[in-house]
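Results of the structural survey
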Amino acid sequence: MSTEKERIFRALKNLVQNPGNGICADCQLPEPEWASTTLGIFICLKCSGIHRNIPDVSKVKSLILDPWIESQIQFMAQHGNAAAQQKYEAFVPIYYYVPNYTDCQVLREQWIRAKYERKDFTEPNKPLAYATGYREGFLWKRGRDNGQFLNRKFVLSEADGNLKYFTKHDAKEPKAVIKVDNINATFQPTKIGNPNGLQITYLKDNSTRNIFVYHEEEKEIVDWFNAIRAVQFHYLQVAFPGTSDHELKHKLTRNFLKEGYMEKTGPKQTEGFKKRWFTLDHRRLMYYKDPLDAFAKGEVFIGSSENGYLVKEGLCPGAQSSPGWQYGITIVTPDRDFLFTCETESEQQEWIAAFNSVINQQMSPQEYTVEANFKHRR
């Protein structure tokens, strides 16, 4: 490496160590190795690919592989991630879902486009498509029984406090009316098989119901997602007066803590183990025959350690083990033990960590009500 190249490399390395520059400006991934020389920000490899798709706004360079000139280094020094955040994220609505590096491509791309291309957050009270309190349109929805995606009309109303969908375009009565305080929404591109796939979950007769939707346009499906969060937020402001916006934000849509296949046995612990798809949604552990089933075959409530809940590695003594999946987990509850097996040790440890993250939290008054409903259903 020549002396000049060494100097440039050291200069860029020093800039990355400045406050705010050590993580990607768009997804918070540590140690970014790329930069936008027009925006003056340091970004990761994946986000740099999104920036390449908006060349009129952003020009990207590798900190290591590409040649740099002095004026570009000076520009980066004068700007940086912290300054860009103050400018481009000055007025992000509290309910807007800000993705990180663990989130899917569509969320990260629309976040980047909203910031730098559309400049949605650079001025106060800018009209935003998802902030009107009402949204009506068509989404492709997976049929509960046939598995086909059909075009369905959806209506989201802050005034009514619900989300409705209709099976026919001219139908007067909705197929379902979902209260906004019951809704969870999370992007599931891999599970649904579409990059814009969104899973909407709600309680129906105290059981979890899943619907799977997508839209051809990335911006449209992300706008639906943030519109749901906006309506939820305004509902919570009314329902919990005096609660801080920050606390309310944590009551909005959430990603599942963990999903994947495990095997389970029945309450007698003598039945054979059966492979099921499991979803841990905070204190609800649901299991399905197929990941895209509308209803769970069963649900397990995961309470707190102070109320007698415990997760243990391995199966309890005397339990019949699975012939294939050897890595056991026992969830101890006040009523019974639940036995599961995982295919690999890493999966076992990830599930145990996810269960412990829930068990180690104190239960809220609402969660005691949910626990009572679970016991009543038994």
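Attention in this report is confined to the structure presented alongside it.

Another aspect to go through is the sheet that holds strand β8 (residues 184–187). Ordered in space as β7-β6-β5-β4-β10-β9-β8, the seven strands form an open sheet in which the pairing is antiparallel. Of all strands in the sheet, those bounded by a partner on one side alone are β7 (176–179) and β8. Neighbour-to-neighbour, the strand axes of this sheet turn through a mean angle of 35°, independent of strand direction. Relative to β7, strand β6 (residues 162–166) runs antiparallel, the two sharing four bridges. Directly across from Y165, in β7, lies its bridge partner A176.

This part is about helix α5 (residues 105–117). For α5, which comprises 13 residues, the first-to-last C-alpha distance of 17 Å matches the rise-based estimate of 18 Å (1.5 Å per residue) to within 8%. With eleven of 13 residues buried, α5 lies mostly within the body of the structure. Residues of α5 that are buried: V106, L107, R108, E109, Q110, W111, I112, R113, A114, K115 and Y116. Residue K119 follows α5 closely and has a positive phi angle near 50°.

What follows covers the pairing of strand β13 (residues 284–288). The buried fraction of β13 amounts to five of the five residues, a majority that puts the element mostly inside the structure. Here β13 shows a buried face lined by R284, M286 and Y288 and a second buried face lined by L285 and Y287. Relative to β13, strand β12 (residues 274–281) runs antiparallel, the two sharing five bridges. Of the residues in β13, the one forming a bridge with T279 is M286. Hairpin connection, β12 to β13: the antiparallel pair is bridged by two residues, and H282 has positive phi, about 55°. One ladder, built from four bridges, connects β13 with strand β14 (residues 298–301); its direction is antiparallel. Its bridge partner lying in β14, Y287 is registered against G298.

What follows concerns the nonpolar core. Formed by 39 residues in total, the largest nonpolar core has its most connected members in F154, L156, L163, F187, L198, I200 and I221. Mapped by element, the contributors of at least two residues to this core are α5, β5 (149–157), β6, β7, β8, β9 (198–204), β10 (207–214) and α7 (218–239). Counting residues in hydrophobic clusters, the runner-up holds 23 residues, among them V300, C342, A354 and V358.

Time to look at the side chain of E367. Mapping E367 onto the fold places it in helix α10 (residues 365–377). Take E367: its relative accessible area is 14%, and that puts it in the buried class. Not counting the four nearest positions on each side in its chain, E367 is found in contact with H282, R283, F301 and Q362.

Glancing now at the sheet that holds strand β3 (residues 60–62). Overall, antiparallel pairing links the three strands, which are arranged β2-β1-β3 in an open sheet. The outermost strands of the open sheet, each flanked by one partner alone, are β2 (41–43) and β3. Adjacent strand axes in the sheet meet at a mean angle of 30° when their direction is disregarded. As judged from the three bridges shared by strand β1 (residues 34–36) and β2, these two strands associate in the antiparallel manner. What sits directly across from S36, in β2, is I41.

How each quantity is defined
- Residues numbered from 1 in each chain as written.
- Predicted model: local features only at pLDDT ≥ 70, side-chain atom pairs only at ≥ 80, totals over all residues.
- Heavy atoms only, no water.
- Pairing = 2+ DSSP bridges.
- Helix = DSSP H or I, 4+ residues; strand = E, 2+ residues; numbered from the N terminus.
- Axes fitted to C-alpha atoms, helices over the stretch in contact; angles between N-to-C directions.
- Expected span 1.5 Å × (residues − 1).
- Buried < 20%, exposed > 50% of the residue type's maximum accessible area, 1.4 Å probe, protein only.
- Core = buried A, V, L, I, M, F, W, Y, C linked by side-chain atoms within 4.5 Å.
- Contact = heavy atoms within 4.5 Å.

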